[in-house]
Amino acid sequence: MSVHVIVGAGPVGTATARLLADKGEQVRLLTRSGGGPEHPGIERRAADASDADALARHAEGALALYCCAGPAYHRWTTDWPPLGTALLRAAELSGAVLVTTGNLYGYGQVNTPMTEQLPQRPNSVKGQVRAALWADALAAHQAGRIRTAEVRGSDYLGAGSMSPFSVMVLPKVLAGRRASMPADLDAPHSWTYVGDVARTLTAVATDKNAWGRPWHVPTAPALSIRALAIRAAELAEAPSARVTKMPTFLLRFAGLINPAAREMLEIQYQLQQPFILDSTAATAAFGIEPTPTDDALRDTINGLRTSATR
């Protein structure tokens, strides 16, 4: 049986590992600590994924190599390039298909729903980093050195997910407190469920016709931050959601002491106007229907409540 090698045990890596293991596939999960979900079908190993030779050894004989890693937000410029280089080298040496979890930063600021046909025109440093990673991977694919594809989603929902909504809004909504967020609270925004990311990654990895291009994760219809907060309160049987717009100067002030807040400044465009992902191509190609937003919210809420009791 061929092994599926997954780098990273965050929400997406964990969901992907469990999905494959539940299907009876052999899974090897790589993290710096050797941690991850306990499952008889998941082999957990400690590894530095930025070490190309070591990563290639772990991926030897693998069917697919999934990049589900997520360097700290403020370290993208330093940590992503060596990791990306190691992944390409490991894919080349092992022959495994490289499927990378991506995002929408590379498109930059656009005024239409985002499709896979949009050119990469990043208007942020983090967008430039992600666009360069995909450009390098695609060039290696086109040169015949590797086989690869990228799976892109919007801000995540799901247990353990980290997004401005799940960090700044949802915990306060569940506690019955007023929340604030530096955003247009009524602009439509796409929310991608981590379980759907896992389903798309595994579908792309095993379909040779899907390689050599990006795919958007099947994602439910866009919903504004305010509407999402109101629905979360209803599902959680919490007091009515109260959400206000945070002035940008407060975000700048927070950025003086909080690196994550500081890094949000350059991607404010994603929160100050409609930010909509078009995922019809992946649904048509793989038959994956997006998880309903209510179900994604329930999983996110349960995840927060579980972590709060540990």
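A few points on the structure. (Residues numbered from 1 in each chain as written. Predicted model: local features only at pLDDT ≥ 70, side-chain atom pairs only at ≥ 80, totals over all residues. Heavy atoms only, no water.)

What follows is about the overall build of the chain. When its secondary structure is counted, the chain shows 11 helices and 11 strands. Since a compact globule built from 310 residues should have a radius of gyration of about 19 Å, the 19 Å found for the chain is in line with a globular shape. Across the 310 residues that make up the chain, the buried fraction comes to 52%. Expressed as a percentage of contacts within the chain between residues at least 6 apart in sequence, the contacts between residues at least 24 apart total 72%. Surface summary for the chain: the accessible area is close to 13600 Å², and the carbon and sulfur share equals 52%. Of the charged side chains in the chain, 30 are positive and 27 negative, and the gap between their average positions amounts to 5 Å. (Helix = DSSP H or I, 4+ residues; strand = E, 2+ residues; numbered from the N terminus. Rg over C-alpha atoms; globule rule 2.2 N^0.38 Å. Buried < 20%, exposed > 50% of the residue type's maximum accessible area, 1.4 Å probe, protein only. Contact = heavy atoms within 4.5 Å. Areas by Shrake-Rupley, 256 points an atom, 1.4 Å probe, with all protein chains shown as cover. Lys, Arg positive; Asp, Glu negative; His and termini not counted. Charge placed at Lys NZ, Arg CZ, Asp CG, Glu CD.)

The next subject is the sheet that holds strand β3 (residues 42-46). If you walk across this open sheet you meet the seven strands as β3-β2-β1-β4-β5-β6-β10, and the pairing is parallel. At either margin of the open sheet sits one strand with a lone partner, and together these are β3 and β10 (214-216). Averaged over all pairs of adjacent strands, the angle between their axes in this sheet comes to 20°, without regard to strand direction. In the packing of helix α1 (residues 11-22) onto the sheet, the strands contacted are β1 (3-7), β2 (26-31), β3, β4 (62-67) and β5 (97-102), and the crossing angle to β1 comes to about 165°. In the packing of helix α4 (residues 125-142) onto the sheet, the strands contacted are β5, β6 (148-152) and β10, and the crossing angle to β6 comes to about 150°. (Pairing = 2+ DSSP bridges. Axes fitted to C-alpha atoms, helices over the stretch in contact; angles between N-to-C directions.)

Counted according to the given criterion, the structure contains 14 salt bridges. A salt bridge links Arg-32 to Asp-48, with the nearest nitrogen and oxygen atoms 3.4 Å apart. Pair noted here: Arg-32 is in the loop between β2 and β3 and Asp-48 is in the loop between β3 and α2 (52-59), with a separation of 16 residues, a long-range link. The exposure class assigned to Arg-32 is exposed, which follows from its relative accessible area of 66%. Judged by its relative accessible area of 31%, Asp-48 is partly exposed. We note a salt bridge from Arg-231 to Glu-234, for which the minimum N-O separation is 2.9 Å. Placement of both Arg-231 and Glu-234 in helix α7 (residues 225-236) is noted, with a separation of three residues, approximately one turn of the helix. Here Glu-234 falls in the partly exposed class, since its relative accessible area comes to 47%. Bridged by salt links that share partners, the residues Arg-28, Glu-43 and Arg-45 form one connected network. (Salt bridge = Lys/Arg side-chain N within 4 Å of Asp/Glu carboxyl O.)

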